Structures are given as C-alpha cells and as structure tokens.
Amino acid sequence: MFKNILVPISSDYFPKMAIRRSRALAEKFKGKVHFLYVVEKKTVEQMERAGKHVLTPKLISELEKDIYHTQVRDISKTVLDQTKTLMGPLDNKCNYLVRKGEFSDEIEGYLKENSGSFNHITCVILEYKKHSNLKYRIFENCSVPIWLERGGEIKKVLAATTSISKNELVPSCAKQIAVSFNAELSLKHFSVQEEDDGKNDIKLQKDWKGVSHVEKEIVKRAEKYNANLLIIGRTCKACGFFGFGTHFPKVVIAKKANMSVLIMYS
Amino acid sequence: MNDPWKKKVLLSIIGISILVITYFIPTPSGLTWQGKMMLGVLVFAGYMWLVKPIPIAATGLLVLILPVIFGIVTRPEGFSYFGNNAVFFLLGAFIITAAIEKHNIHKRISIFVLTQMGDRPVFFTLGVFILSAFSSFIMPEHAVAALMLPVVLSVLAVVKAIPKQSNFAKVTLLSVAFGCSIGSLGTLVGGARNPITLAFLAETSNIHISFFDWIFYSMPVVLLSIPVIWFVLIKMFPIEITSLKKAHVLLRKEVTDLGPMKPAEITTISITLLTILGWVFLHYQLGPAVVAILGGLLLFFLGLIEWEDVEKRVPWGIILLYGGAITLGVNLYEAGAADWIALKGLGLTGNNPFLVLIMLVVMTIFLTSFMSNTAAVAMLLPIGLGMAEVSGLPVIVTSMTIALSGGLAFMLVIATPGNAITYSTGYYSTRDLLKSGSTVTILCAIILLVIALTYWKLIGLW
C-alpha cells in the first residue's frame, strides 16, 4: 500500500509532519515518495479579488505572472530543498514536481496521469491543519487511501470497520502498519444492524441516532484507547434532510479525531 | 447557488429591494421624504459596494442617478459633483504615478534605499516599511504595493524564505502592506478618500484645506504609527535569519545593472517634485487639481509618457466611484438624512466628544475592512458632519477622523489592495494578517484618538 506515496505540498502550507511520515513509511515499506508542490491559484488570485477596482487587468496579470514566476522558479526550489533535507538518504528515491493550479485538481491530475503505470500512487499523505485541508475536494474525490497526519509516534493503532463501510483491507493493512511500527493494535467493528455480532462489535442498535453517532463512537473509542493512528474504511456519502447539508462521515471522523487518520479505499 | 450569473442577479434583486422597501415604508419622524430616500440610497450603496453584484464603479454611477430618479436633486445638480476638483486631482496624480512606474524610478529609489540599510534583516524590514510609507506620500498606496513587490520578492528568493514559515518574509511583506496603508494617511495623494474628504468639506461646509494643511494635521499620526507598527511586527514575528549578505550583493548588482540615471528619469523626477511644490505653494492660487493636471500634461509635452502608458495603469472605472462617493455624501447631507442618523447615533454616545470620535473611528474601521475605503469614508462623512453639528464638535475634526480611520484597514486580505497584493505571494496566512492587523489597528486607532484630542486641539482645529 505504501509503494508509491504522494505528498502534495500546497504553496499555502509546508507539511513538515506529513513529509516526516512519508519518510518513515517509505523506509519501512520500501516505497517511493512523490512530492507535488502546488502553487495555489486561489491565493495568487486574491489580488484580483481585492485589487481589481484600483488596478488595471493588465497590471494585475503582470503582477500575477511575477508571483507565479517567483513561486515556480525560486520558492518551489527552496521548499523542495527543505523537503530533500527532511528526506535524508531517501532523497534519491523521491520524485519532485512543481505545478500551479487548484490543489485538489492537481492531485487528481497527478493520480490520473500515473494510474496503471509503474508510478501508480497507492497512498496520499496530507497534514492535518485546522480548517484547511479538510476543505479540499480531494478528501472526497480521491480514489486511493488518504493518510491525514497529525504527528507523533505510532504506538497504538485502532482499526475500525462499520456495517455501513465494510472494508476488508482495513484489518490487513492495520496489521501491516502495527507490525512495521511495532505498535499495539485493536480491531473494532461498529455495528448498526442487529444481525452484526462480531467479537469486538459495539452494538448501537438501541440508541441509533444516525451516522454521526457512529462517527462519535469511533472517535470516542480511539481516544479512550489512546490510539495514535485510527484506520477507517470507506464510507458512503450521507445526505441531510432534503439533500441539504450533505455530510461526509470520514471527514467528520478526521475532524473530530485528535490522532492521525488513515482512510482506506477498497 | 453555484451559478455565478444567478448569484449576481439574486444579489442585485436584494439590493434593489432595499430601495423598493424604502420607497414604501412610512417616513420616520424628523426626516423628510427626500431624507428617507437618501437613507435608502445609502444602505443600497453600502450593500452594493460590500457584496459587489455589479462592479463598484457601476454602483458609483447608480449613486449619481438615483437621487435624480427619486427627485431628490435636479438633473444639473445630480451630475455637478462629478466634476469636482478631487476627481481631477486624482486623475492628475494617476498620470504622474504612471510616469514614475514607466521609467522604473521607484525601483531605482527602493533598491538604493534598501542597500543603505546594511545587511541586518531587522533594518532591512524597517527600510521596507519606511520606503512603503514614504512612497505613499506621493503615489496611491496600491501603486506602491505593486511596485515594491518585485524588489521584495527577489530578496526573499535569495534568502530562501519558506512561505508561511519564514518570519522574515512575513515581516517584510506585512511591512509593505501596512507601510502603504499608514503612509496613505499622510498626504492627499496616498488615498482617494483624502481628496474626497477635502471636496466634501468644501461643498458642504465651505472649509478649504490645503495640501500642506492636510500634511500638518495627519503627519503626526503617520510618524507615530510607523515605529509602533514595525515594532509590533518584529515582536510578533521574531526574525529568524541573521544576515542579508547575499541579498545585499543582489541589490547592489541590480543598482549596477540599472546604470546611471537617464535624462527621462531625471526629468520625470523633476516634474514630480515640481508638482509636489505646486501642491504646497500654489494650493490657493490654482488648487491641487489644476497643479496635478498641469504636472501630468507636462509629462505628455516632454514625451515622457504616452496615453497608452496611462491606460495600462489607470483603471478608469475608479473615477466613477470617486464621483459617486462625493455625490452620495453631499446629497445625504443636503437631504437632512445625515443629521437624522447623527441624532440617532448620539443617542448612544451623548454629546461626549471623546465617545463621538471613538464611535466614528470604530464605524469607519469596521466598514473599511469589508469595502473600498473610499466608499466607506464617503458613506460616513455626512454622518460625521451631522454628528459634529449636533454634538458641537468641529466638522473638520470629525471629517479628518473618518478620513484617517479609513486608512486603518490592516486586518483582512480584502480590506486594501496592498494587503491583497502581498498576501497573494503566499508568504503569510490570513491568520498572520488578522493577528498582527488587529493589534496594529487598535494601536493606530488609539494614536489617532490621542492626536485628535490633543494635537488637533493644540493647533487650534477645535
């Protein structure tokens, strides 16, 4: 699963913890890390939003060109140099790429370009930053597992499956990670139907209040267990009343949890 | 509502409904029908400038014609304020700025000044701050930010500053943004709100302030704020690098590459200086607008600038905003709406001058954080005038307080073009801006209030 790891670096944020985690995973699983530095269009275009009534379109486009040029030529080099330092001896096993555009689009584009090839990406590592990367569309649209890094050593792993997101890969992957990091592992199955009755199941039938309840329960159990990594399966999109307020269970879990979260895809 | 067209139409309908509702609601006591409709126009303009379903210049045009449509003013009156001196003063200033930009004069001066600051990063950021502030005395603040950016970016690239991590980059870019903002308070040229305040005072109260008077009243606020803001920045973001030797070498190389000053540059500088002298010494004889346009025309006569150069750099739509802003202010005052709002406002503050000034500062800073500061100042000037009349404060004090507070927009990216231009480089976050901007706003507001209550009293403004 960690043969080809993608670490997208937004020009808006330098994900030091994600880079360190990618190094650890690449070392343990003999993988290759791809770094994609994305010059965020939305940041550069802020100028247009606030300055268009006092600056001419020509001047704005010249300034934007200047900023893109500096970002691509100088800043990306500085950022990737720092990344190389963090990767240490693994540096020669890494791919470095610079693009400009929208963060999620560029990641999706990179995943598609390498799909089926030798560089087929098997996992994306993002760093958790309050109110930022959980807003990225990639969190919903990504077709490969996403590791949301919050830092810290992995000593305890909790893997959770639910009856609405049965994912066979979760237990096997959790075992691999726990073994390689020499961590303690707990497997939990969260059941929302009466017939589910696994050994580690937690029955929620009686006080079932909707999907959010399962999310809360998973996070609560992970925190109680003092897990440093929570592995969850793919969940379906859940809609609110009349299609309003669509919410995504995995995003809710990732937001509420105070540990790193790995979201698996079948 | 993902369709931008639908969104624009819906937002415009909401705006128009403000006018329709105003038309049908009963006129509040103490207000004439014209006053009620002008209040509607004020709320409508504020909403349109804030939400921007149509360009702010187009709203400026609407503000010109709405009083005519509602019969508040006659047709000749409705358009007369558009030809105000302030509009043409700004036009002339834009032409001179375009010439400075064209001949790269600002780059030469910036690089020269920065090479004199030594290779200590702290002094470099101070140099950037002072340069940005002082440049805003002779050029509009947005032009200064745009011109400073390439110079500053080249230095940040040399020192390998990492976006969002490097405090040196944060302090440098925030020095540009905040320097431009605070410098724009200093003279009539820095921000369009300054000449508009002048025009408003002349039209409504027959008070005439000269170019030099403005400097005399506002400069203490600027000069006190510069060290305070810079100190806040370096304390909030302790600079991590110790030497700028490499950057210094780069800047010196750039000075060498620029070569000796060309005759066109020397002539442009001379005309700019002559224009400034004209603003100071010929204010009452010719007026700042005539001097500015004379300076601009001289640049054309000497072949230092072509019309295309001006077109490339001057967004003509903004002139409509300026015209609309002056019209809105004068019409609000003449329809009695300003006095009515002032009376309501004084219900909160009483006749206490200190509380009145605090309220004006807070209201202006709040509005200017979300909309064009010219628009915000134009909306509040008549209210300030009304408050002055009711509370006994001199009109000039409330107007200057509003105009200067209009430049204290440090907290949000969208508040000023300077903030937006520097933010778009990606070196600092919105949180960095909010954190430093809120502290700086509070401190500058205190400085402004202290100056208003002491210095302005001392020099006889009230």
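Residues numbered from 1 in each chain as written. Chains lettered and ligands numbered in written order. Predicted model: local features only at pLDDT ≥ 70, side-chain atom pairs only at ≥ 80, totals over all residues.

### Describing the overall build of chain B
Here is step 1 of the chain: Counting its regular elements, chain B contains 23 helices and 0 strands.
Here is step 2 of the chain: The C-alpha atoms of chain B give 22 Å as radius of gyration, which agrees with the globular expectation for 462 residues (23 Å, within 12%).
Here is step 3 of the chain: Along the first, second and third principal axes, the C-alpha atoms of chain B reach 70 × 55 × 50 Å.
Here is step 4 of the chain: Within the span of chain B, comprising 462 residues, buried residues form 53% of the whole.
Here is step 5 of the chain: At a minimum sequence separation of 6, the contacts of chain B that also span at least 24 residues come to 82%. (Helix = DSSP H or I, 4+ residues; strand = E, 2+ residues; numbered from the N terminus. Rg over C-alpha atoms; globule rule 2.2 N^0.38 Å. Buried ≥ 20, exposed ≤ 12 C-beta atoms within 10 Å, placed from the backbone. Contact = placed C-beta atoms within 7 Å.)

### Considerations on the overall build of chain A
Here is step 1 of the chain: Looking only at helices and strands, chain A has 9 helices and 10 strands in total.
Here is step 2 of the chain: For chain A, the residues scored as buried account for 41% of the 266 residues in total.
Here is step 3 of the chain: Taking contacts inside chain A between residues at least 6 apart in sequence as the whole, the part at least 24 apart equals 72%.

### Topic: the interface of chain B and chain A
Here is step 1 of the chain: Across the contact, 31 residues belong to chain B and 28 residues belong to chain A.
Here is step 2 of the chain: Within the residue set of the side of chain B that touches chain A, elements represented by two or more residues are α3 (56-69), α8 (141-158), α15 (307-313), α16 (317-334) and α21 (417-423) of chain B.
Here is step 3 of the chain: Element by element, the count of residues in the side of chain B that touches chain A is highest for α8(B), at 6 residues.
Here is step 4 of the chain: Class assignment of the residues belonging to the side of chain B that touches chain A gives a composition of 19 nonpolar, 8 polar and 4 charged. (Nonpolar A, V, L, I, M, F, W, Y, C, P; charged D, E, K, R; others polar.)

### Describing the environment of Ile107(A)
Residue and element names in this part refer to chain A.
Here is step 1 of the chain: With respect to the element layout, Ile-107 can be found in helix α5 (residues 103-114).
Here is step 2 of the chain: Residue classification places Ile-107 among the buried positions, given that 27 C-beta atoms sit within 10 Å.
Here is step 3 of the chain: For the pair formed by Ile-107 and Val-7, sequence separation is 100 residues and the distance between their alpha carbons is 9.3 Å.
Here is step 4 of the chain: If we skip the residues at most four places from it in the chain, Ile-107 touches Pro-8, Leu-36, Val-124 and Ile-138.

### Concerning the pairing of strand β10 (residues 260-263) of chain A
Residue and element names in this part refer to chain A.
Here is step 1 of the chain: Across the two faces of β10 the burial is the same, with Ser-260 and Leu-262 and Val-261 and Ile-263 all buried.
Here is step 2 of the chain: Judged from the 3 bridges that link them, strand β5 (residues 146-149) and β10 form a sheet pairing that is antiparallel. When the sheet's bridge partners are listed, Leu-148 is paired in β10 with Val-261.
Here is step 3 of the chain: Sheet topology places strand β9 (residues 229-232) next to β10; 4 bridges connect them, and they run parallel. Within β10, the position partnered with Leu-229 by the bridge is Ser-260. (Pairing = 2+ DSSP bridges.)

### A few points about the nonpolar core
Here is step 1 of the chain: With 167 residues, the main nonpolar core has Ile196(B), Tyr322(B) and Ile326(B) as its most contacted residues.
Here is step 2 of the chain: With 12 residues, helix α5 (residues 85-102) of chain B is the largest single contributor of residues to this core.
Here is step 3 of the chain: Leaving out residues up to four positions away in the same chain, Ile326(B) has contacts with Tyr81(B), Asn84(B), Ala86(B), Ile196(B), Ala199(B), Phe200(B) and Ala378(B).
Here is step 4 of the chain: One finds Phe2(A), Leu126(A), Leu148(A) and Ala178(A) within the second-largest nonpolar core, a separate group that totals 64 residues. (Core = buried A, V, L, I, M, F, W, Y, C linked by C-beta atoms within 7 Å.)

### Topic: helix α1 (residues 16-29) of chain A
Residue and element names in this part refer to chain A.
Here is step 1 of the chain: An ideal rise of 1.5 Å per residue puts 20 Å on 14 residues; α1 measures up with 20 Å between its terminal C-alpha atoms.
Here is step 2 of the chain: Taken together, the buried positions of α1 are occupied by Ala-18, Ile-19, Arg-21, Ser-22, Arg-23, Leu-25 and Ala-26.
Here is step 3 of the chain: At the exit of α1 stands Lys-30, carrying a positive phi of roughly 50°. (Expected span 1.5 Å × (residues − 1).)

### Focus: the confidence of the model for chain B
Here is step 1 of the chain: Residue-level pLDDT values for chain B average 91, and 100% of them are 70 or greater.
Here is step 2 of the chain: Here the prediction assigns the complex a pTM of 0.85, and the interface score ipTM is 0.79. (pLDDT = per-residue confidence, 0-100.)

### Some remarks on the domain arrangement of chain A
Residue and element names in this part refer to chain A.
Here is step 1 of the chain: Split into domains, chain A comes out as domain 1 (1-149) and domain 2 (152-266).
Here is step 2 of the chain: Residue-level contacts link 13 residues of domain 1 with 12 residues of domain 2.
Here is step 3 of the chain: Where the side of domain 1 that touches domain 2 is concerned, the elements lending two or more residues are α1, α6 (138-141) and β5.
Here is step 4 of the chain: Per element, the largest residue contribution to the side of domain 1 that touches domain 2 is 4 residues, and it comes from β5. (Domains from an automatic or database assignment.)

### Focus: the packing of α5(B) against helix α14 (residues 288-301) of chain B
Residues and elements named next belong to chain B.
Here is step 1 of the chain: Put simply, α5 and α14 touch, their axes get as near as 8 Å, and they point 30° apart. For the element pair α5 / α14, the angle class is roughly parallel. Judged by the sense of rotation from one axis to the other, the crossing of α5 with α14 is left-handed. Counted together, Asn-85, Phe-88, Phe-89, Leu-91, Gly-92, Ala-93, Ile-95, Ile-96 and Ala-99 of α5 and Pro-288, Ala-289, Ala-292, Ile-293, Gly-295, Gly-296 and Leu-299 of α14 form the full contact between these two elements.
Here is step 2 of the chain: Partitioned by chemical class, the residues of the contact of α5 with α14 number 12 nonpolar, 4 polar and no charged. (Axes fitted to C-alpha atoms, helices over the stretch in contact; angles between N-to-C directions. Parallel < 35°, antiparallel > 145°, perpendicular 65-115°, else oblique. Left-handed = near helix turned anticlockwise from the far one by under 90°.)

### Some thoughts on helix α19 (residues 373-391) of chain B
Residues and elements named next belong to chain B.
Here is step 1 of the chain: For α19, which comprises 19 residues, the first-to-last C-alpha distance of 25 Å matches the rise-based estimate of 27 Å (1.5 Å per residue) to within 8%.
Here is step 2 of the chain: The buried fraction of α19 amounts to 17 of the 19 residues, a majority that puts the element mostly inside the structure.
Here is step 3 of the chain: Positive backbone phi, at 90°, marks Gly-392, one or two positions downstream of α19.

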